[in-house]
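Residue-level structural notes
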Amino acid sequence: MYLELVAKKLIKYLSMAPEEWLNFIQNATKTAIIQDGKRKVHFLMEDGREMVEEYHLETNVLIRRAWKEKGKLGQDIGWNVEIGDPEPKQNNIDICGIQESSSAPFITRRVTKTSLEWRIRNLPYPQNVYSVTAEDDGTITIRTTNKKYFKKIRIPDLERAGLKPEQDRITFTHQYSTLIITYKKPPALLELERKVLNEILQLKAKKDGDIQCPTS
């Protein structure tokens, strides 16, 4: 899949030790703006990479994170969304010669103050066919007893905190053809997020219209 190939380019940013990720954020050139009830932050990394984040203004919960992607010739090819709703789908026929089915399962990610959450849509099977397990390779893996679906999900939040998933932190439910997986954040991740948020809140955020902030 095209998006999976693009995602591989972000591996070095998803697999950092806690100190590395915090330094990564601290050393970036950052611009913040208050817009539409959100604190929007643009990061220009030392190596030229760009990331945008959006935080709910009242709760300070991260609601979107996306990375700007460039092609081999340096041209912009869109945004890879790590957290939040995906970008509108392009016609993949022009990119890789195939058209993805509109009924194919797809994953979106969200976070709350206490949990990580994945929603896998277009999964019509009843809840009792699913198993969701923490694996030694650092993924959460979804299987079905009817062998209709199998997926390994990487967890960049845990990787950046130097952690692997724990089974007793996983819960899941199924409704309206959507499998909802919830992972309770461990203390080390909460502490890393607190430090990163402290960096964000120290930025002097301008109001909408004062500056142009890159958005995804």
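See the structure printed just above.
So, here's what we can say about the structure. The numbering scheme is per chain: residues are counted from 1 as the chain's sequence reads. Given that the model is predicted, a residue must reach a pLDDT of at least 70 before its local features are reported, and side-chain atom pairs must reach 80 or more before they are shown or counted; all residues, however, enter totals for whole chains, interfaces and linings. Values reported for side chains reflect all heavy atoms of the structure, with hydrogen atoms and water molecules removed beforehand.

Describing the packing of aromatic side chains
For any two aromatic rings, the description comes down to two numbers: the centre-to-centre distance and the angle of the planes. The rule is short: rings of Phe, Tyr and Trp, with Trp giving its six-membered ring, pair when the centres are within 6.5 Å, and they are stacked under 30 degrees, edge-to-face over 60, tilted in between. Under the definition given, this model contains four aromatic pairs. Consider the rings of W21 and F24, whose centres lie 5.4 Å apart with planes at 35°: the pair is tilted. Of this pair, W21 and F24 both sit in helix α3 (residues 18-27), three residues apart, which is roughly one turn of the helix. An identical accessibility class is assigned to W21 and F24; each is buried. Centroid distance F24 to W67: 6.3 Å. Interplanar angle 25°. Geometry classified as stacked. Of the two residues, F24 sits in helix α3 while W67 sits in strand β4 (residues 62-70), which places them 43 residues apart along the sequence. Only protein chains enter the area calculation, which uses a 1.4 Å probe; residues under 20% of their type maximum are buried, those over 50% are exposed, and those in between are partly exposed. Residue class for W67 comes out buried when judged on its relative accessible area of 0%. Chaining the aromatic ring pairs together yields one cluster made of W21, F24 and W67. Over the aromatic face of W21 sits the side chain of R160, whose NZ or CZ is 4.1 Å from the ring centroid. Only DSSP runs of H or I covering at least 4 residues are called helices, and only runs of E covering at least 2 are called strands; the numbering of each starts at the N terminus. Only when the NZ atom of a Lys or the CZ atom of an Arg is both within 6 Å of the ring centre and within 35 degrees of the ring normal do we say a charge sits over the ring.

Let's talk about the environment of P126
Following the sequence through the fold, P126 ends up in the loop between β7 (115-121) and β8 (130-134). For the pair P126 and T144, spaced 18 residues apart in the sequence, the C-alpha separation amounts to 9.8 Å.

As for the sheet that holds strand β5 (residues 76-83)
Taking strand neighbours across the sheet as the criterion, the six strands line up as β5-β4-β3-β2-β1-β13 in an open arrangement whose pairing is mixed. The open sheet has two edge strands with one neighbour each: β5 and β13 (206-207). By the bridge criterion, five bridges tie strand β3 (residues 50-56) to β4 in an arrangement that is antiparallel. Bridge assignment links V52 to a residue of β4, and that residue is A66. Pairing between strands is defined by DSSP: at least two bridges between the two strands are required.

A word on the nonpolar core
If you look at the biggest cluster of nonpolar residues, it comprises 40 residues, and the most contacted ones within it are I142 and I181. Looking at this core, the element that brings in the most residues is helix α6 (residues 187-201), giving five residues. Here a residue-residue contact requires only that any non-hydrogen atoms of the pair lie within 4.5 Å. Those residues in contact with I142, other than ones at most four positions away along the chain, are I120, Y130, S131, V132, Y149, F150, K151, I153, L179 and I181. The set of buried Ala, Val, Leu, Ile, Met, Phe, Trp, Tyr and Cys residues whose side-chain atoms join them within 4.5 Å is what this entry labels a nonpolar core.

Re the layout of surface pockets
Computed over the protein atoms alone on a 1 Å grid, cavities are sets of points where a 1.4 Å probe fits but cannot get out and pockets are open sets with protein on both sides within 12 Å along at least five of seven lines; a residue lines them when it has an atom within 4 Å of a point. Grid points are joined across faces, edges and corners, and a volume is the space filled by probe spheres set on the points. One number sums up the size of the second largest pocket: a volume of about 390 Å³. As for the second largest pocket, its lining consists of 20 residues, and the residues nearest its centre are Y55, L62, K185, E193 and R194. Elements supplying a minimum of two residues to the lining of the second largest pocket: β4, α5 (156-160) and α6. Considering every element that reaches the lining of the second largest pocket, the biggest residue donor is α6, with seven residues. The residue classification treats Ala, Val, Leu, Ile, Met, Phe, Trp, Tyr, Cys and Pro as nonpolar and Asp, Glu, Lys and Arg as charged. All others, Gly included, are polar. Of the residues in the lining of the second largest pocket, the class split is 11 nonpolar, two polar and seven charged.

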